[in-house]
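# Descriptive structure summary
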Protein chains: 2
Amino acid sequence: MGGSQGISDRHACKAALARRFDKAAWLEGADIPARNLHDAGYLPPTPPLGVVRPNDPQGFADAMAICASHGVPVVPQAGLTGLAGGAQPIAGAVAISFERFSGIEEIDPASATMTVRAGTPLEVVQRAADEAGFFIPLDLGARGSCLIGGNLGTNAGGNRVIRYGMAREMVLGLEYVLPDGTLVTGLNKMIKNNAGYDLKQLFMGSEGTLGMITRAVLRLYPKPGCTCAAICGLARYDDVLALLGAARRGLGPMLSAFEVMWADYWHEATVTVPNVRRPITGDHAFYVLVEMQGMEAELDAPRFEAWLETQFEAGLIEDAAIAQSMADVAAFWRTRDAAGEFVTFLGRHSSFDIGLPVGVMDQFAQECRAALSKALPGCLSVYYGHIGDGNMHIVALMPGAAEQPGKAISEIVYRTVKAHGGTISAEHGIGLVKKPYLALSRSKGELALMRRLKRALDPQGLLNPGKVIDLEEAP
Amino acid sequence: MGGSQGISDRHACKAALARRFDKAAWLEGADIPARNLHDAGYLPPTPPLGVVRPNDPQGFADAMAICASHGVPVVPQAGLTGLAGGAQPIAGAVAISFERFSGIEEIDPASATMTVRAGTPLEVVQRAADEAGFFIPLDLGARGSCLIGGNLGTNAGGNRVIRYGMAREMVLGLEYVLPDGTLVTGLNKMIKNNAGYDLKQLFMGSEGTLGMITRAVLRLYPKPGCTCAAICGLARYDDVLALLGAARRGLGPMLSAFEVMWADYWHEATVTVPNVRRPITGDHAFYVLVEMQGMEAELDAPRFEAWLETQFEAGLIEDAAIAQSMADVAAFWRTRDAAGEFVTFLGRHSSFDIGLPVGVMDQFAQECRAALSKALPGCLSVYYGHIGDGNMHIVALMPGAAEQPGKAISEIVYRTVKAHGGTISAEHGIGLVKKPYLALSRSKGELALMRRLKRALDPQGLLNPGKVIDLEEAP
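Residues numbered from 1 in each chain as written. Chains lettered and ligands numbered in written order. Predicted model: local features only at pLDDT ≥ 70, side-chain atom pairs only at ≥ 80, totals over all residues. Heavy atoms only, no water.

Attention now goes to the interface of chain A and chain B. If you look at the interface, chain A gives 89 residues, while chain B gives 89 residues. Interface area for chain A against chain B, summed over the two sides, is near 6,900 Å², with a carbon-plus-sulfur share of 60%. Across the contact surface, chain A and chain B share twelve salt bridges. Here Arg303(A) makes a salt bridge to Glu296(B), at a shortest N to O gap of 3.5 Å. Here chain A is connected to chain B by 46 residue pairs in polar contact (both at pLDDT 80 or more). For the side of chain A that touches chain B, the elements supplying multiple residues, two or more each, are helix H5 (161–164), strand E9 (183–186), helix H6 (237–251), helix H8 (297–313) and helix H13 (444–457) of chain A. (Contact = heavy atoms within 4.5 Å. Buried area = accessible area lost by both parts, 1.4 Å probe. Salt bridge = Lys/Arg side-chain N within 4 Å of Asp/Glu carboxyl O. Polar contact = N/O pair within 3.5 Å; in protein donor to acceptor, adjacent residues only side chain to side chain. Helix = DSSP H or I, 4+ residues; strand = E, 2+ residues; numbered from the N terminus.)

This is the structure in C-alpha cells:
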C-alpha cells in the first residue's frame, strides 16, 4: 500500500496539492464531505487524507503525479454507489473525486457517438442521448447518482445486457490517467480500429486499480420504438431453458430482457413486500419476465403476442400476462425490482450477484439452498436474476437474527459457485468486499497475470491499493 | 529480437523440440512446408528455424517454454491469410502452427456458447453453429482457410460489424500461452463476469505478440430468419449520412450492413471487372448496399420495403433495386466483393483498410484523391467500405506502371488519415506492413503504454518479435 510513505511525505503532498488546486478543488480536515468517507459497500466510514476534485483532465493527471511523487496512495471516487467497496477511502490515501468534471463534450450524429466527461451522472448521459434522437442502453437503479466514469471503471451491467452487452461494449474511445500521472488520450470514434493493442479494455472493469478514466467516447444506439413485456409462469427449469431458446430465436435481436424469478423469490417479492401487484395468479415454480424492444408497435406488438401464443400452445408456459401499456411494463418490472425493498421488509441480509452457466442455474439454486439450510438451520435464501446473461442474484438471511452470519453465508454460496464453474461477481465487481473470494472464480494463472499487469502499470501500488488484487501473492 | 541467442542455442532448441514432439509435430529443413514461409502480407518468403505443430494446449505451452529457455523467438501461425505480415516467419525463429489443433469441443445450447480449438477453420465453426441451430456472425472472404485462433488474435472484422461487433465481442472465454510458456485457462461461458481484470482482451487484436490463443468460448447467436437487401444510388454524401441515420432508426438492430461505394469504385467494379451485374443503372455519386437480417420474411420483408419507400419519398435516394431472392442478395454483394478481383483486371495495387469518423469520409476521399493525383499524376484511387462501422477501403495504383509506387501512395494516404483523426487499420491489423505508420494513429502515450505491456508480458521479446510494436522506442 505505497508502504514507505511517512508523516512528512503526507504533509508535503497535502501542501503541494493545496498549491496546485484552489479551495473548491482541494478539501482537507473538517472540509471533507461525509459522503466521501465511504461508498455503498457497507464498510466503516474512513476519512481520506484529503479530497481533490479537479475539473479538467490535466488536473487529474497533476493530482496523481503529485501524490505519486510523494509516495501517497490515491483512491478514485465517482458516484460512490458501488457495492463492493471499490471506492472506499483508505486511511493515509488521497481521494480523487470526479464529481466536478461533468458534462457532455460532443454528440456526433454521423458517427453515432457521444464524448462525455467521467463525472457526468448516468441519467444526464441518458437524457442527452434521448434529446439528440439516440439511446444509451446502459441503465441501472443508481442512474441518478452514479457517474459514467464509475460505470465504465467497473464495467457496469444492468438490465439489458442480453441485448446490448456490458458497459465495455458501449465504449469506443477512452482517456485515462496512469498511476505515474501520465494522461493518455485515445478518444477514438470508430467502431473498427485495429491499430495496435486495444488499451482501453484494461481500464474498464479494473475498478480504478490500473488507471483513472477521465473521458470516454460512447456509442449511441437507435431509440427503441416500442416495448413489449410479459410475465410467464412455468413448471420446470427445462421449460425455462426452452423458453429462453425460443425467445432468442423468435425475438432475435429485439429480445431485451429475460429475467427469471424462482418461486421463493416470487413469494417474498409479491407477498412480503406490500403493494407489488401479481400480474399472474396461481402457483408456479418459475416466473419469467420477457421483454422485447421493437421498432414499431404496429408491427412488433403483434409479433410478440404471436410468439407468446406459440409458446403457450407448445406447453412451455402454464400462464402468462402481457403488458397492455407502459404502466403494465413498469408494474411487471416492479416484481423484479422489489428486491431493492427486501432490506425494509426482510431486514439486513447478504446479497450476491453471481454468474453461472445458464444450464446449471436451477441445480445450483437447489444445492445452495440445501447447503445453507444444513449449515444454518432456518436460513432463508431466494433466487432470481438476469438469467439470459448468466447472472443470478441471491438474497440470504437468518430471519429475526440480530447478528447476520454474513461470512458463513458468503462462504457457502461462493463454494457452491466454484463447484459449478461460476463467477463470484457477474456485474458489481470485486473491490474490497469480494477480494477474499477472488481465487474461487479465477485460475492461479489468471491471478498471477492480473498481478503482473498491476505491477507493470502501478509498480509502487499507489492507485487504489488493496482493491481487487494485491501487487504480490499473499504468503 | 531475442537478440543474444547464437547458433548453439538454436541447435539445442531444435534438439529439445525434436525430443518433445513426434515427426508429425516437428518439421525442420526440407520438411518445412512452403506455405509456412509467408502469410498473405506479400513479404519475401522466409524459412523459419522449424515448424512445431502441437495438437493439444499443453503442447503449445511446452513448445513456447522450450524456445524461451533457449532464447529462441517464436512466430505463431494460424491460417496465414493475414494481410499485414503478422504471421510472417522470422529467420532464426521457430514457427508454431495451429493447423493440427482443430475441432469443436462443446456446444452448450443453454448458455448459447461453443468451445473451439484455435486451429479450427472459420467455415467449420460457422457450419457447426448452423447445424446446432445457431449462428456465428463472424464472416470474411478467407472463411475456408483462415483459422479461428487467427481471427481472434487479430480481432477480425468483416461485413456485419455494424450489427454484431468485432470478433472480440463474440468471445466469452479464452485459453492462451504466455511468452514464458505458462498456459492460462479462462474458458468462461457467462456473458457477465466482473471477477477481476478482463484478461482475455489483451490477447485479441494484439496479433500474437502478447500470447498465443489456444482455445476460446464463442457466443452463439440466433439464426437470422430472412435477409433483405437493396442497392441505392444517391447524389450527395449528406444523403448517404441521412440514409445511414434512417437505417439505424428504422431497421434498428436488424440492420446488418451499410456498405458505400463511391462512383469511381462502382465504375471499376461493374465495368472493368467483367460479369458483375449492375443492379441499378444511371450515374450516381454514391451507391449504398443496405442489408437487414430479419426474423421472419412475412413480417420483415414488407418492413424493409416500406422503409426504403419512405427514404425514396423523402428524396434521399435517386434510384434503388430491392433483392427479390437470395440470388439477388448475392449479386448485390458481388458489386462490393468485386474488389477482390481488381488484382486480375487492374493489376498490382496498394490496398488500405483505414477507419475514419463517418462524417468526414467524403471529405477525406476528395482530399486523398487530390493529394495522390498531385504527387503521382495519373494515379487511380477508388473508395468504398463498411461506412456504417467507420471503415473505408481504398485501392490505389499507377495504371500500367511496371513498378508500383507503393511507399509513396501509403505515405500520402496515411498522412491524410492522420489529418482527419482516423486509423491506419480498421480491421487487418498492423503486423510488419503497417508498423512504420502506427504512430500516425496512436498518441505517444498510447505507444508508450503498448511497449510497457509488451515488456511486462514478454520482457525478452521472444513472442512474434518486431510485429506491431517493439520493446523499446526507436532512437
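Right, let's talk about the relation of the copies chain A and chain B for a bit. In the superposition of chain A on chain B (RMSD 0.1 Å, axial shift 0.0 Å), the rotation amounts to 180 degrees. As the rotation angle and translation indicate, the two copies are arranged about a two-fold axis. A shared interface surface links the copies, since 100% of the contact residues of chain A are contact residues in chain B too. (Least-squares fit on C-alpha atoms with pLDDT ≥ 70 in both.)

Below, the discussion takes up the sheet that holds strand E2 (residues 50–52) of chain A. All names here are of chain A. As summarised here, the arrangement of the four strands in space is E1-E2-E4-E3, forming an open sheet in which the pairing is mixed. The open sheet has two edge strands, strand E1 (26–27) and strand E3 (74–77), and neither has a second partner. In the sheet, E2 pairs with strand E4 (residues 94–97) via three bridges, with the strands oriented parallel. Across the sheet, residue glycine 50 finds its bridge partner in E4, namely valine 94. Contacts between helix H2 (residues 57–69) and the sheet are confined to E2, E3 and E4, with E4 contributing the most and set at about 170 degrees to the helix. (Pairing = 2+ DSSP bridges. Axes fitted to C-alpha atoms, helices over the stretch in contact; angles between N-to-C directions.)

Our next topic: the domain arrangement of chain A. Many structure descriptions define interface size as the accessible area lost when the parts assemble. Residues and elements named next belong to chain A. The domain boundaries assigned to chain A delineate domain 1 (104–222), domain 2 (226–340) and domain 3 (346–429). On a C-alpha basis, the centres of domain 1 and domain 2 stand 30 Å from each other. In total, domain 1 and domain 2 occlude about 680 Å² of area from one another, counting both sides; carbon and sulfur atoms represent 42% of this. It is Asn159, Ile162 and Arg163 that lose the most area in domain 1 upon contact with domain 2, and together they represent 73% of the buried surface on that side. Where domain 1 touches domain 2, the interface holds one salt bridge. (Domains from an automatic or database assignment.)

We now examine helix H6 (residues 237–251) of chain B. All names here are of chain B. Its 15 residues place the ends of H6 20 Å apart at the C-alpha level, agreeing with the 21 Å of an ideal helix rising 1.5 Å per residue. Restricting attention to buried positions, one finds in H6 the residues Tyr237, Asp239, Val240, Leu243, Leu244, Gly245, Ala246, Ala247, Arg248 and Leu251. Positive phi appears at glycine 252, one or two residues downstream of H6, with a value of about 55 degrees. (Expected span 1.5 Å × (residues − 1). Buried < 20%, exposed > 50% of the residue type's maximum accessible area, 1.4 Å probe, protein only.)

Residues and elements named next belong to chain B. Relative to the helices and strands, asparagine 159 resides in the loop between helix H4 (148–153) and helix H5 (161–164). Overall, the relative accessible area of 18% leaves asparagine 159 in the buried class. Once residues lying within four places of it in the same chain are set aside, the contact partners of asparagine 159 are Asp139, Ser256, Ala257, Glu259, Trp333 and His386.

Turning our attention to the packing of helix H7 (residues 263–272) of chain A against helix H9 (residues 326–337) of chain A. Residue and element names in this part refer to chain A. Running from N to C, H7 and H9 point in directions that differ by 115 degrees, and their axes come no closer than 8 Å. What the angle tells us is that H7 and H9 run roughly perpendicular. On H9, the residues touching Tyr265, Trp266, Ala269 and Thr270 of H7 are Thr335, Arg336 and Asp337. In the contact of H7 with H9, the residues fall into three nonpolar, two polar and two charged. (Parallel < 35°, antiparallel > 145°, perpendicular 65-115°, else oblique. Nonpolar A, V, L, I, M, F, W, Y, C, P; charged D, E, K, R; others polar.)

Residue and element names in this part refer to chain A. In terms of burial, strand E18 (residues 391–397) is largely enclosed, as seven of its seven residues are buried. Of the pairings in the sheet, the one linking strand E16 (residues 350–355) to E18 comprises six bridges and is antiparallel in character. The partner of serine 351 across the bridge, within E18, is valine 395. For strand E17 (residues 380–386) and E18, the ladder comprises seven bridges, and the chain directions are antiparallel. Residue serine 381 lies in a different strand from E18, and its bridge partner there is alanine 396. Joining the antiparallel neighbours E17 and E18 is a turn of four residues, in which glycine 390 adopts a positive phi near 75 degrees.

Here we come to unusual backbone geometry. Here Glu207(A), not a glycine, exhibits a phi torsion of approximately 55 degrees, which is positive. Relative to the helices and strands, Glu207(A) is located in the loop between E9 and strand E10 (212–219).

Once that is clear, we can look at the UniProt feature "domain: FAD-binding PCMH-type" (unreviewed entry) in chain A. Listed under "domain: FAD-binding PCMH-type" (unreviewed entry) in the UniProt record, and renumbered for this structure, are residues 44–223 of chain A. Within residues 44–223 of chain A, the helical portion is 18% and the strand portion 24%, while the C-alpha atoms at the span's ends are 42 Å from each other. (UniProt positions renumbered as here; feature names shortened; annotations may be inferred.)

Right, let's talk about the sheet that holds strand E8 (residues 171–177) of chain A for a bit. Residue and element names in this part refer to chain A. Pairing is antiparallel in the open sheet, where five strands are placed in the order E5-E6-E10-E8-E9. On the outer flanks of this sheet lie strand E5 (104–108) and E9, each paired with one strand and no other. The average angle at which neighbouring strand axes cross in this sheet is 10 degrees, direction not considered. One ladder, built from four bridges, connects E8 with E9; its direction is antiparallel. The partner of tyrosine 176 across the bridge, within E9, is valine 184. Its contacts with the sheet place H2 against E8, E9 and E10, and it is angled at close to 45 degrees to E8. Contacts between helix H3 (residues 122–131) and the sheet are confined to E5, strand E6 (113–117) and E10, with E6 contributing the most and set at about 150 degrees to the helix.

To continue, consider the pattern of salt bridges. Across all of its chains, the model carries 62 salt bridges over all chains by this definition. One salt bridge in this structure joins Arg303(A) and Asp300(B), with 2.4 Å as the shortest N-O distance. Residue Arg303(A) is located in helix H8, and its partner Asp300(B) is located in helix H8 (residues 297–313); the two belong to separate chains. Through salt bridges that share partners, Glu296(A), Asp300(A), Arg303(A), Glu296(B), Asp300(B) and Arg303(B) make up one connected network.

Attention now moves to the environment of Ala320(B). Residues and elements named next belong to chain B. By the element assignment, alanine 320 lies in strand E15 (residues 319–322). Assessed through its relative accessible area of 29%, alanine 320 is described here as partly exposed. Put simply, alanine 320 and alanine 230 are 90 residues apart on the chain and 6.6 Å apart in space, counted from C-alpha to C-alpha. Not counting chain neighbours up to four residues away, the residues in contact with alanine 320 comprise Ile231, Cys232, Ile280 and Leu308.

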